[in-house]
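So you can see what is in the structure, the chains are spelled out below.
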Amino acid sequence: MEAGRIIVVGGGFAGVTLAEDLKRRLARGLEVVVISSANHMVFTPMLAEVAGRTLSGLDVVISGREIAPRATWLTATVTGVDLKKNEVEYTRPDGKIATLSYAHLVLACGSEINLDVVPGMAAHAYTLRTVGDGFTLGNEVIARFEQAAVEPEDAERQRLLTVVVVGGGFTGVEAAGHLFDLMRNIRRFYPQLSRNRPRMVLLQRGARIVPEFQHDSLSGFALRKLQQNGLEVMLNTEVQEVTARYVRLGTGERIDTGLTLCAIGTAPAPLIKKIGLPVERGRLKTDPDMRVTGAANVWAFGDCAAVPNAWNGQLSPPTAQFALRQAKQLAANLVRVQRGEATRPFRFRPQGLLATIGHHNGVAEIYRLKFSGLLAWFLWRTVYLLKIPTFGRKLNVVVDWTWDIFFKPNVVEVRVEQQQRFKQAHYAADDFVFRKGEPGGAFFVVKAGNAGLYLDDASATPLVTWTKGDHFGEAAILKGAAHPTYRASVKAETPLGRTSAEGLFRKKGVIPFVAYRIIYGRRIWHGQSHPCSSFARRAISSS
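Residues numbered from 1 in each chain as written. Predicted model: local features only at pLDDT ≥ 70, side-chain atom pairs only at ≥ 80, totals over all residues. Heavy atoms only, no water.

## Examining the nonpolar core
- With 117 residues, the main nonpolar core has Met46 and Leu107 as its most contacted residues.
- When residues no more than four places from it in sequence are discounted, the contact partners of Leu107 are Val9, Leu271, Ile275, Leu284, Val298, Trp299, Ala300, Phe301 and Cys304.
- With 16 residues, the next largest nonpolar core counts Phe444, Ala451, Ala488 and Ala492 among its residues. (Core = buried A, V, L, I, M, F, W, Y, C linked by side-chain atoms within 4.5 Å. Buried < 20%, exposed > 50% of the residue type's maximum accessible area, 1.4 Å probe, protein only. Contact = heavy atoms within 4.5 Å.)

## Quick look at the confidence of the model for the protein
- On average, residues of the protein score 84 in pLDDT, and 87% of them are at 70 or above.
- Segment residues 498-543: pLDDT under 50, and 112 contacts once partners within four positions in sequence are set aside and those in other chains are kept. (pLDDT = per-residue confidence, 0-100.)

## Comments concerning the pattern of salt bridges
- Per the counting criterion, the structure on display carries 18 salt bridges.
- Between Glu241 and Arg248 there is a salt bridge, and its shortest N-O distance comes to 3.2 Å.
- Given the relative accessible area of 19%, Glu241 is considered buried.
- Given the relative accessible area of 22%, Arg248 is considered partly exposed.
- Taken together, the shared-partner salt bridges connect Glu20, Asp21, Arg24, Arg70 and Lys328 into one network. (Salt bridge = Lys/Arg side-chain N within 4 Å of Asp/Glu carboxyl O.)

## As for the side chain of Arg157
- Mapped onto the elements, Arg157 comes out in helix α6 (residues 154-160).
- The buried charged residue Arg157 lacks any salt bridge partner; its closest oppositely charged side chain belongs to Asp154, at an N-O distance of 5.1 Å.
- With residues near it in sequence (within four places) discarded, Arg157 still touches Ala148, Ala149, Glu151, Gln192, Leu193, Arg195 and Asn196. (Helix = DSSP H or I, 4+ residues; strand = E, 2+ residues; numbered from the N terminus. Lys, Arg positive; Asp, Glu negative; His and termini not counted.)

## Thoughts on the packing of aromatic side chains
- In total, this model carries 14 aromatic pairs according to the counting rule given.
- A centroid spacing of 5.0 Å and a plane angle of 55 degrees characterise the contact between Trp380 and Tyr384, whose relative ring orientation is tilted. You can see Trp380 and its partner Tyr384 sitting in helix α11 (residues 374-387), 4 residues apart, about one turn around the helix. No difference in accessibility class separates Trp380 from Tyr384, as the two residues are buried.
- Note on Phe444 and Phe472: the rings are 5.2 Å apart at their centroids and 10 degrees apart in plane angle, and the pair reads as stacked. With Phe444 in strand β30 (residues 443-446) and Phe472 in strand β33 (residues 471-472), this pair connects stretches of sequence that are 28 residues apart.
- Given the relative accessible area of 5%, Phe444 is considered buried.
- Residue class for Phe472 comes out buried when judged on its relative accessible area of 0%.
- Cluster of aromatic residues (ring-pair linked, three or more members): Phe434, Phe444, Trp466, Phe472 and Tyr486.
- Sitting above the plane of the Phe432 ring, Arg435 keeps its charged end 3.8 Å from the centroid. (Phe/Tyr/Trp six-rings, centres within 6.5 Å; stacked < 30°, edge-to-face > 60°. Lys NZ or Arg CZ within 6 Å of the ring centre and 35° of its normal.)

## A closer look at the environment of Pro345
- As for its placement among the helices and strands, Pro345 is situated in the loop between α10 (320-339) and β26 (352-358).
- Between the C-alpha atom of Pro345 and that of Ala310, which follows or precedes it by 35 residues, the distance is 6.6 Å.
- Apart from residues no more than four positions distant in its own chain, Pro345 is found in contact with Pro288, Asp289, Ala310 and Gln329.

Rendered as structure tokens:
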């Protein structure tokens, strides 16, 4: 075990805040390592403004190395933890597996979106968790306007100009408000659509929106303002099914829509399920000091942890406000452990909640004081401007907000689809297409040359050889593992790509692609049968 290393799994705002606090407090020589699948953190409270094109996507992402320059940052994906050896296993960007020992392990890996709560949601709904999601949503709204502008059928125009948001919590309400502002602001650029009004429908399962507010009056104010601004809000409404063209409600009613946003459903991160530590309500169970129950040197906080709050005896909600305060408390506790002192329980009195609902309106609850309207909107912007890290990001946000006051949103639609449906690859003789143990996730079709299967990299003769038209690698996808890996190696026997491809494919070589869909839990794959023996098939089924 590394006596002087603390590993933080998760590079969100809370994770990097913890890392920087630890480096300031701990004695010299002690290493703090952050392992994150991305090299940046996302300031999620402002993602709705990215979707509404009030802010640039780069305004709400900050490099973890910039926030916590004194910590060691590894851009990698943690795939396992050996609690006995005190080691973390992670996958590097090049696909290779590595391990790192620790004295203390801190899990701040957040949660994931569960799109399986409604049939069809995973296939047809958009989400708002990353800066890419925010950019995509704004882009797709504009794309629907472009499609509607050339659509001759009036009913189809109206469908394209209808957006349905499923979920009336903070994310759903803020996204609906900002996206509807975007739709109204860009309408002037489409004179062909003067007879069609943009439509926004917010569906909430419960009896009120933004139920996180303690005061029902704030939820009521948000509801009234959304309705006054032209949004349709449907309370006590179940969603039965989502398709590419409509959302079916529990009553059987259909809402024709051109775009559906999912703002419901969360699931534990795969690592939390895999690690084998006790969980409570889908989150890691911790003691009051944020030490994971039953583990001496493993700690957890944020969305992935069920942390008791000594202030009221209840579990801390999975919000950024609590995660940031937990980060500071946990840093202090780790310093106390290093000094041989007793740790302290997490105690925090919530400061309040804020939300924007579009059209320069907001709702706020700060120390039981209620604010709404323009004042709450101004408070929201002031508070989060102060919280966003680095002076440079603050300045960028102020410039973008000022620009938004005087100018309409940018209506550029950026088409991000690839020119070709499948990716192309080329391998020289003796190059490995993939090695045993590397992460799976690609399906390969040989367009030219020969590829060989090796159960052992040291083998001199391939178990089976594939030529033009053969395929391999599909089982690593179809077996449905959260993190599939190849259990055999494939190597180019001859240069893969000396003859030209036909039809759609203009390049040469091997074409890796995912050729399957998951529809309502049933996997469908199209392809020809494997040209190898049953023994080789069993080997490939593990790859």
